[in-house]
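Examination of the molecular architecture
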Amino acid sequence: MPQAFALARRFFDDVISSPVNIFLLGLICYFSYKLIKKDSSKPAVRKDSKSENDLPNMPKRDFTLEQLKEYDGIKSNGRILIGVLGKVFDVSRAKDFYGPGGPYSVFAGRDASRALGTFSVEKSQFKDEYDDLADLRPSQMDSIKEWEMQFLEKYPLVGNLLKPGEEPKIYEEESSDEKKQL
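A brief structural summary. Values in this document were obtained by computation on a predicted structure and should not be read as measured data.

1. Quick word on a nonpolar patch on the surface
A cluster of nonpolar side chains, namely Val 20, Phe 23, Leu 24, Leu 27, Tyr 30 and Phe 31, defines an oily patch on the protein surface of about 600 Å² accessible area. Structurally, Leu 27 is set in helix 2 (residues 19-36).

2. Section: the pattern of salt bridges
Considering all chains together, one arrives at seven salt bridges under this definition. Between Asp 13 and Arg 9 there is a salt bridge, with the nearest N and O atoms lying 3.7 Å from each other. Remark: Arg 9 and Asp 13 occur in helix 1 (residues 2-16); sequence separation between them is four residues, near one turn of the helix. The class for Asp 13 is partly exposed, based on a relative accessible area of 33%. Residues Asp 90 and Arg 79 are paired through a salt bridge, measuring 2.5 Å at the closest nitrogen-oxygen approach. Of this pair, Asp 90 sits in strand 3 (residues 87-90) while Arg 79 sits in the loop between helix 3 (65-68) and strand 2 (81-84), and the two are eleven residues apart along the sequence. Residue class for Asp 90 comes out buried when judged on its relative accessible area of 8%. Connected through shared salt-bridge partners, Arg 114, Asp 131 and Asp 135 make up one network.

What counts, and at which threshold
- Throughout, a residue's number is its position along its own chain's written sequence, starting from 1.
- Under the rules for a predicted model, residues below a pLDDT of 70 receive no local features and side-chain atom pairs below 80 are neither given nor counted, while totals for whole chains, interfaces and linings still include all residues.
- Calculation of side-chain values draws on the structure's entire complement of heavy atoms; hydrogens and water are dropped beforehand.
- Like-charged residues are merged into a patch within 9 Å and nonpolar side chains (Val, Leu, Ile, Met, Phe, Trp, Tyr) within 5 Å, provided each residue has over 30% relative accessible area and no salt bridge.
- Throughout, the Shrake-Rupley method with a 1.4 Å probe supplies accessible areas, and for residues the shown protein chains are the sole cover considered.
- We count a salt bridge whenever a side-chain nitrogen from Lys or Arg sits within 4 Å of a carboxyl oxygen from Asp or Glu.
- Secondary structure elements are taken from DSSP: a helix is a run of H or I of four residues or more, a strand is a run of E of two residues or more, and numbering for both begins at the N terminus.
- Remark: exposure states derive from per-residue accessible area (1.4 Å probe, protein chains only) relative to the maximum for the residue type, with buried under 20%, exposed over 50%, and partly exposed in between.

Here it is as structure tokens:
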């Protein structure tokens, strides 16, 4: 037993012998505390706040660019839609990112394809008329396709973005498997 105490004492002396070691030990303690207390520090969800669960599922439909602008999180009772490569996604559940005041709020109610391909959130990347993306490089188009795949995995697909002169399709209520194939 005395040998264990001697070993512990030697370890303790080594740790406190250097200010760097003391600092590192303090960091370890701090981050361990933050990790343990992580769950209890989450803010309580207010019952009166509007969440994505309050929004009913949106029936599938096609949108013009003008119609899509209505779903910016302000005009549409909190619903947020984003267009990517001709598909329209309901990203309302990520309102902290895409809603008013969020870092990607410029995407809300817009066709975000060009901005996603160029990795830019500048307003100049958004057009008020149909954008065929013909001037983008192949690597930028690949990037948009990767974003589209991420949106397909994460958010409900609620319709298509219409090209000028294109007529909207009439959709019947479909199963959730069929909705993903839109």
